[in-house]
Amino acid sequence: MNESQAPNYTHQLIGSLIVALLIVVITITVVTARIGVDADDDAARDRSEQLEEQQQEAEDRQEEAAERQEEAVEQREDDG
């Protein structure tokens, strides 16, 4: 497959990153709305830590997916 026929993974990668960021923003918004101003400090801290962990896990998954995608592209270029 020549370069003009090869799928463009850059657009897919950018789209995936945008979707991941939207998920993080929506999650932060929802959690913040649920916590509210008068929430107990310990409970708020626990939720915040849990949210941070979830965000980090989501970012890690995105990075791993991007790396796998880059490796696949490099492999195709080596094979092609």
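Further up the page is the structure itself.
Residues numbered from 1 in each chain as written. Predicted model: local features only at pLDDT ≥ 70, side-chain atom pairs only at ≥ 80, totals over all residues. Heavy atoms only, no water.

## Here's the deal with a nonpolar patch on the surface
(1) Moving on: Among the surface-exposed residues, I14, I18, L22, I26 and V30 lie close enough to one another that they form a single nonpolar patch of about 450 Å² accessible area.
(2) Moving on: Counting through the fold element by element, I18 comes out in helix α1 (residues 9–35). (Patch = residues over 30% accessible without salt bridge, like charges linked within 9 Å, V, L, I, M, F, W, Y side chains within 5 Å. Areas by Shrake-Rupley, 256 points an atom, 1.4 Å probe, with all protein chains shown as cover. Salt bridge = Lys/Arg side-chain N within 4 Å of Asp/Glu carboxyl O. Helix = DSSP H or I, 4+ residues; strand = E, 2+ residues; numbered from the N terminus.)

## Brief notes about the packing of α1 against helix α2 (residues 41–79)
(1) Moving on: The geometry of α1 relative to α2 is characterised by a closest axis approach of 11 Å and an angle of 175° between their N-to-C directions. As summarised for this structure, α1 and α2 are arranged roughly antiparallel, according to the angle between their axes. Contacts between α1 and α2 involve Y9, Q12, L13, S16, L17, A20, V24, T27, I28, V31 and I35 from the former and A44, R47, L51, Q55, Q62, A66, Q69, V73 and R76 from the latter.
(2) Moving on: Looking at the contact of α1 with α2 residue by residue, the class counts come to 12 nonpolar, 6 polar and 2 charged. (Axes fitted to C-alpha atoms, helices over the stretch in contact; angles between N-to-C directions. Parallel < 35°, antiparallel > 145°, perpendicular 65-115°, else oblique. Contact = heavy atoms within 4.5 Å. Nonpolar A, V, L, I, M, F, W, Y, C, P; charged D, E, K, R; others polar.)

## Description of the environment of L51
(1) Moving on: By the secondary structure assignment, L51 is in helix α2.
(2) Moving on: Taking the relative accessible area as the measure of exposure, L51 reaches 11% and is therefore buried.
(3) Moving on: In this structure the C-alpha to C-alpha distance between L51 and V24, which are 27 residues apart in sequence, comes to 9.1 Å.
(4) Moving on: Residues contacting L51, with those up to four places away along its chain left out, are T27, I28 and V31. (Buried < 20%, exposed > 50% of the residue type's maximum accessible area, 1.4 Å probe, protein only.)

## Observations concerning α2
(1) Moving on: Here α2 spans 56 Å end to end across 39 residues, near enough to the 57 Å set by a 1.5 Å rise per residue.
(2) Moving on: Buried within α2 are the following residues: A44, L51, Q55, Q62, A66 and Q69.
(3) Moving on: Looking at the packing, one finds that the buried side of α2 touches α1. (Expected span 1.5 Å × (residues − 1).)

## Quick word on a negative patch on the surface
(1) Moving on: Together, E59, E63, E64, E67, E70, E71, E74, E77, D78 and D79 make up a region of like negative charge exposed at the surface.
(2) Moving on: Here E64 is to be found in helix α2.
(3) Moving on: Residue classification places E64 among the partly exposed positions, given a relative accessible area of 42%. (Lys, Arg positive; Asp, Glu negative; His and termini not counted. Charge placed at Lys NZ, Arg CZ, Asp CG, Glu CD.)

## Remarks on the side chain of Q55
(1) Moving on: For Q55, the location among the structural elements is in helix α2.
(2) Moving on: Assessed through its relative accessible area of 17%, Q55 is described here as buried.

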